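Analysis of the macromolecular model
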Amino acid sequence: MVDCRVYVGNIDWKVSQRELQSHMASAGEVVRAEIFEQDDGRSKGAGIVEYRTPEAAENAIATLNDSSLGARPIFVREDRGSSKGKGKDKDKDRGYDRDKGKGKGKGKGKGKNVNPDDEGRLLYVGNLPFRCSWQDVKDVFKEAGPVIRVDIAEGPDGRSKGYATVLYETEDQAQGAIDRLNGRDFQGRSLTVRMETFG
């Protein structure tokens, strides 16, 4: 049983909140529709829709997942970002940075390949789904230019820590990837993309 909120991903950048609300209303009465935005006001390509009843939310997942809105098929699933979930995410974000520091110091996992010559071309990519592969990441990031390598940081047990580094040939390509992909919806998560810090 889901609650009254659903998460909507892969939303066309040009779609407005009103258009999203109108599209989702075919499943039931919509109380609120919100598209997540970056700091500059651009759409992140994902949002939350709240229905009057849990039944309407269930109907939206059943009938509107993979439906076309704008130029893209959207995906609709149960919203996992409850107030409890938000707290967990905060801890998780802190954990990424903490783990990153540990990984660098101890050289654990693939995230250890940090070369000073890569400064300005090496990106930190956080909030990755734990099951995604380096190839999944590469396929998305090659939108901004040829990717030299992708390293997904792993713990001693070989499982992903949920972040990676992506190396480009030029600084312009790396900056272009940040502009284009930071906040992008990727397998149901909003990517964190920034320059890797050195030193």
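The structure we're discussing is the one just above.
First things first, this report covers the structure right here in the doc. The shown structure was predicted, so the numbers you read here are calculated from the model rather than taken from an experiment. (Residues numbered from 1 in each chain as written. Predicted model: local features only at pLDDT ≥ 70, side-chain atom pairs only at ≥ 80, totals over all residues. Heavy atoms only, no water.)

This part takes up the sheet that holds strand β9 (residues 160-168). The strand order across the open sheet formed by four strands is β8-β9-β7-β12, and the pairing between neighbours is antiparallel. Because the sheet does not close on itself, it has two edges, and the strands there are β8 (147-154) and β12 (192-195). Between one strand and the next, the sheet's axes are offset by a mean angle of 25°, whatever the strand orientation. Inspection of the sheet shows β8 paired to β9 by six bridges, in the antiparallel sense. Following the sheet pairing, I152 is matched in β9 by A164. Its contacts with the sheet put helix α4 (residues 134-141) on β7 (122-126), β8, β9 and β12, and the angle it makes with β8 is roughly 140°. (Pairing = 2+ DSSP bridges. Helix = DSSP H or I, 4+ residues; strand = E, 2+ residues; numbered from the N terminus. Axes fitted to C-alpha atoms, helices over the stretch in contact; angles between N-to-C directions. Contact = heavy atoms within 4.5 Å.)

Our next topic: a negative patch on the surface. On the surface, D3, E55, E58 and E78 cluster together into a patch of negative charge. Within the secondary structure, E58 sits in helix α2 (residues 54-64). Look at E58 and you get partly exposed, because its relative accessible area is 33%. (Patch = residues over 30% accessible without salt bridge, like charges linked within 9 Å, V, L, I, M, F, W, Y side chains within 5 Å. Areas by Shrake-Rupley, 256 points an atom, 1.4 Å probe, with all protein chains shown as cover. Salt bridge = Lys/Arg side-chain N within 4 Å of Asp/Glu carboxyl O. Lys, Arg positive; Asp, Glu negative; His and termini not counted. Charge placed at Lys NZ, Arg CZ, Asp CG, Glu CD. Buried < 20%, exposed > 50% of the residue type's maximum accessible area, 1.4 Å probe, protein only.)

Counting through the fold element by element, A153 comes out in strand β8. Owing to a relative accessible area of 3%, A153 belongs among the buried residues under this scheme. Expressed as a C-alpha distance, the spacing of A153 and Y163, which sit 10 residues apart in the sequence, is 6.0 Å.

Okay, the nonpolar core next. Core analysis: the largest hydrophobic core is formed by 21 residues, its most contacted members being L123, L128, V137, F141, V166, Y168 and V193. Elements supplying a minimum of two residues to this core: β7, α4, β8, β9 and α5 (171-181). No other element matches the four residues that α5 contributes to this core. When residues no more than four places from it in sequence are discounted, the contact partners of F141 are L123, V125, V147, V166, Y168, A177, L181, L191 and V193. Of all hydrophobic cores here, the second largest spans 19 residues; its members include I35, Y51, A56 and A60. (Core = buried A, V, L, I, M, F, W, Y, C linked by side-chain atoms within 4.5 Å.)

With that settled, consider the side chain of S67. When you line up the elements, S67 lands in the loop between α2 and β4 (68-69). Contacts of S67, omitting those with residues within four sequence positions, involve H23, R72, P73 and I74.

Below, the discussion takes up the packing of aromatic side chains. All told, the structure shown has two aromatic pairs when counted by the stated rule. Ring geometry for Y7 versus F75: centroids 6.1 Å apart, planes at 35°, classification tilted. With Y7 in strand β1 (residues 5-9) and F75 in strand β6 (residues 75-78), the pair connects residues that are 68 residues apart, well separated along the chain. For F75, a relative accessible area of 25% corresponds to the partly exposed category. Look at Y124 and Y163: their rings are 5.6 Å apart centre to centre, the planes differ by 35°, and that puts the pair in the tilted class. Taken together, the residues Y124 in strand β7 and Y163 in strand β9 connect sequence positions 39 residues apart. Here Y124 falls in the buried class, since its relative accessible area comes to 3%. Above the ring of W13, the side-chain terminus of R72 is found at 4.7 Å from the ring centroid. (Phe/Tyr/Trp six-rings, centres within 6.5 Å; stacked < 30°, edge-to-face > 60°. Lys NZ or Arg CZ within 6 Å of the ring centre and 35° of its normal.)

Now for helix α1 (residues 17-24). Since the α-helix advances by 3.6 residues per turn, residues separated by three or four positions end up pointing in the same direction. Taken together, the buried positions of α1 are L20, H23 and M24. Buried residues of α1 fall within an arc of 90° about the axis and therefore sit on the same side. Of the exposed residues in α1, the ones pointing more than 90 degrees away from its buried face are R18 and S22. (Arc of directions from axis to C-beta.)

This part takes up the sheet that holds β1. If you walk across this open sheet you meet the four strands as β2-β3-β1-β6, and the pairing is antiparallel. In this open sheet, the two strands that pair with only one neighbour each are β2 (30-37) and β6. Ignoring strand direction, the axes of neighbouring strands in this sheet form an average angle of 25°. Here β1 pairs with β6 via four bridges, running antiparallel. Within the sheet, the bridge partner assigned to V8 lies in β6 and is V76. Contacts from α2 reach β1, β3 (43-51) and β6, with the element oriented near 145° to β6.

The analysis is restricted to geometry; functional conclusions fall outside its scope.
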